[in-house]
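What follows is the residue order along each chain.
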Amino acid sequence: MKIHSLIPAAMLLMQPMAFAYPNIETKPQIQSANTTDTPSEQPQADLAVATPPSAEFVAVPFAFSSESLSTALGGAVVVKHAGQVQASILGIGLYSTNDSWVTYLSARNYQIPQVDSWLFSVETYQAQFKEGIYYLSELPQLNQEADKVVTLGDESYTRFHAQYVLPWGRGVNGAARSLARSEEAIKWNPLTSGVTSIKVSPFVQTRELQSYEYLPQKSQGVALELDWDNRDNGKNSTQGGQISLKFSRDFGSEDRSSWTTWEFEQSAFLAIGASDWFAKQIMAFNFYLADTPTWNTQSGDNYHRPPTFAGISLGGFDRLRGYASKRFTGRSAVLYSAEYRIQPKWQPLQEWPVFNLYNVPWWQWVAFAEAGQVADEFNAEALHDDLKWSAGIGARFEVESVVVRAELAFGSEDRQFWVMVNQPF
């Protein structure tokens, strides 16, 4: 069994390193017509107030052991209401006994005064792994079934996000107010329900591997994403769904091939009622389809394909969890996922050591199954030939507005134990 990460209560990184940060949906402390809060979540201020609520700091030290990092020590800090009521900052750093290190910093959901319909975010990540684990489909002597490559790896990325929230549905009162959870019944009309947004994200990503310097080392371009989030609660959805369509483009340069990818994702949630033991029972479904339309386009001897660290892949903490991160890479991918989520009425976490230092409003037990494939062709036959499968169980809980999940997943090659933040969908 591969233990990819293990920390007592917050966030973490895994390997080969693909970092996920918490999608902190800090509820704006506002009163809006379509928001109903529980007594403990009553609005405290209006966005029009010049002075936002005082910043809230949550710090979590952690230690874990993994195959490539050995023993690692680090810490994570989350700052809510960081200068603006809806904004947040996350910082993470770690150092390991084999001299590997990781740093990550993000600032999310900031607004420019008088620009109500936009949210701006930025994130940056730097890491070095002395014994990084990678699957390199670019190497002619390797293929998707090949053994892993272990080498020194330097990785980085920086992304800037400008998100425009369309002025309908829950976005009718501005982007910041759209972050507040709605208790209204889900409807299937984007004009009256959910949050519709367009996100533009310039990015630069690098990966340098010792002894493989001839492989592509940089990707730089822009991503455009159209999203309709019609869930009742992004952290613990019981009804509704989410649809997103994302295009990524690297325009290339003299030493870098251009390429284009697109990714479509659809999730749906169905509440199946409570019982004597469980406050909530939810069936959650997700469908993912992606392609690289420039895959077979050539300029001389060069194909317009993304490097493996930036292209289409399956495997990791969100997609095909029974396999290592980016285990399968190629032109296109399909993935079907289903989860049975139950929320017990019995909730002892708030009384346990360490957990009692934080606000833990709920926990959840999960059983899941996935089937998917990566192919170098984009057609139904290739994508459904010899589907890879994954199944597992897990526990999830909300800690200070961050969803933490621990999962044990099984695949045909091995078992993977993940500790990560956010629901997978």
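What counts, and where the lines are drawn
- Residues numbered from 1 in each chain as written.
- Predicted model: local features only at pLDDT ≥ 70, side-chain atom pairs only at ≥ 80, totals over all residues.
- Heavy atoms only, no water.
- pLDDT = per-residue confidence, 0-100.
- Contact = heavy atoms within 4.5 Å.
- Helix = DSSP H or I, 4+ residues; strand = E, 2+ residues; numbered from the N terminus.
- Buried < 20%, exposed > 50% of the residue type's maximum accessible area, 1.4 Å probe, protein only.
- Phe/Tyr/Trp six-rings, centres within 6.5 Å; stacked < 30°, edge-to-face > 60°.
- Lys NZ or Arg CZ within 6 Å of the ring centre and 35° of its normal.
- Core = buried A, V, L, I, M, F, W, Y, C linked by side-chain atoms within 4.5 Å.
- Patch = residues over 30% accessible without salt bridge, like charges linked within 9 Å, V, L, I, M, F, W, Y side chains within 5 Å.
- Areas by Shrake-Rupley, 256 points an atom, 1.4 Å probe, with all protein chains shown as cover.
- Salt bridge = Lys/Arg side-chain N within 4 Å of Asp/Glu carboxyl O.
- Lys, Arg positive; Asp, Glu negative; His and termini not counted.
- Charge placed at Lys NZ, Arg CZ, Asp CG, Glu CD.
- Polar contact = N/O pair within 3.5 Å; in protein donor to acceptor, adjacent residues only side chain to side chain.
- Pairing = 2+ DSSP bridges.

(A) Representation of the confidence of the model for the protein. Per-residue confidence for the protein averages 84 on the pLDDT scale, and 86% of its residues sit at or above 70. Of the regions scoring below 50 in pLDDT, residues 1–50 engages in 162 contacts with residues more than four places distant in sequence or in other chains.

(B) Expanded view of unusual backbone geometry. In this structure, D99 is a non-glycine residue whose phi angle is positive, near 70 degrees. As for its position among the elements, D99 is in the loop between β4 (88–96) and β5 (101–110). Phi at L320 is positive, roughly 60 degrees, even though this residue is not glycine. Turning to its location among the elements, L320 is positioned in the loop between β15 (312–314) and β16 (328–330). Its relative accessible area of 0% is what places L320 among the buried residues.

(C) Here's a closer look at the packing of aromatic side chains. Applying the stated criterion across every chain, the model contains 16 aromatic pairs. Between Y212 and Y214, the ring centres sit 6.4 Å apart and the planes meet at 50 degrees, which makes this aromatic pair tilted. Ring geometry for Y323 and F328: centres 5.1 Å apart, planes at 65 degrees, overall edge-to-face. Under the relative-accessibility criterion, Y323 is labelled buried at 1%. The structure contains a cluster of three or more aromatic residues connected by ring pairs, namely F278, W346, W352, W363 and W365. Of note, R319 hangs over the ring of Y288, and the distance from its end group to the ring centre comes to 3.8 Å. One residue, R341, lies across the ring of F425, its end atom 5.3 Å from the ring centre.

(D) Highlighting the nonpolar core. Ranked by size, the top nonpolar core spans 21 residues in total, and within it L94, Y125, F129 and L136 carry the most contacts. Taken together, the elements giving at least two residues each to this core come down to β2 (56–66), β3 (70–80), β4, β5, β6 (118–134) and β7 (149–165). With four residues, the single largest contributor to this core is β6. Counting residues in each nonpolar core, the second largest holds 16 residues, with W363, V399, V419 and M420 among its members.

(E) Expanded view of a nonpolar patch on the surface. Judged by side-chain polarity, I198, V200, L224, L226 and F247 come together as a nonpolar surface patch covering roughly 380 Å² of accessible area. Counting only elements with at least two residues in the nonpolar patch, the list comes to β8 (195–209) and β9 (218–229). Positionally, V200 belongs in strand β8.

(F) Quick look at the pattern of salt bridges. A full pass over the atoms with the stated rule returns 16 salt bridges. For R256, the salt bridge goes to D250, with nearest N and O atoms at 2.9 Å. Each member of the pair, R256 as well as D250, carries the same accessibility label: buried. A salt bridge links R396 to E407; the shortest N-O distance between them is 2.6 Å. Highlighted residues: R396 in strand β19 (residues 388–399) and E407 in strand β20 (residues 402–411), separated in sequence by 11 residues. E407 carries the same exposure label as R396, and that label is buried. Beyond isolated ion pairs, a larger network of salt bridges with shared partners links D318, R321, E339, R341, E370, R396, R405 and E407.

(G) Quick look at a negative patch on the surface. A cluster of acidic residues, D376, E377, E381 and D385, forms a negative patch at the surface. Within the secondary structure, D385 is located in the loop between α2 (380–383) and β19.

(H) Main features of the environment of S54. Mapping S54 onto the fold places it in the loop between β1 (2–3) and β2. When its relative accessible area of 61% is taken as the criterion, S54 is described as exposed. Taking the C-alpha atoms as reference, S54 lies 6.7 Å from H81; in sequence the two are 27 residues apart.

(I) Expanded view of the side chain of N98. Secondary-structure assignment places N98 in the loop between β4 and β5. Here S96 takes part through its side chain, which lies 2.4 Å from a polar atom of the side chain of N98. Within the structure, the side chain of N98 is placed 2.9 Å from the side chain of S100, a separation counted as a polar contact. Those residues in contact with N98 that lie beyond four places of it in its chain are S68, L69, S70, K130 and E131.

(J) Layout of the pairing of β19. In the sheet, strand β18 (residues 363–375) pairs with β19 via 10 bridges, with the strands oriented antiparallel. Its bridge partner being in β19, W365 is matched across the sheet by A395. Relative to β20, β19 runs antiparallel, the two being bridged by 10 bridges. Note on β20: the bridge partner recorded for G394 is E407.

(K) Up close: the pairing of β9. The pairing of β8 with β9 spans 12 bridges and is antiparallel. Looking at the pairing, V200 lines up with L224 of β9. As defined by bridge partners, β9 adjoins strand β10 (residues 240–250) across eight bridges and the pair is classed as antiparallel. Across the sheet, residue W228 finds its bridge partner in β10, namely I243.

(L) Spatial organisation of the environment of R321. Here R321 lies in the loop between β15 and β16. Between the C-alpha atom of R321 and that of F410, which follows or precedes it by 89 residues, the distance is 7.6 Å. Side chain to side chain, R321 and E339 meet in a polar contact 3.0 Å long.

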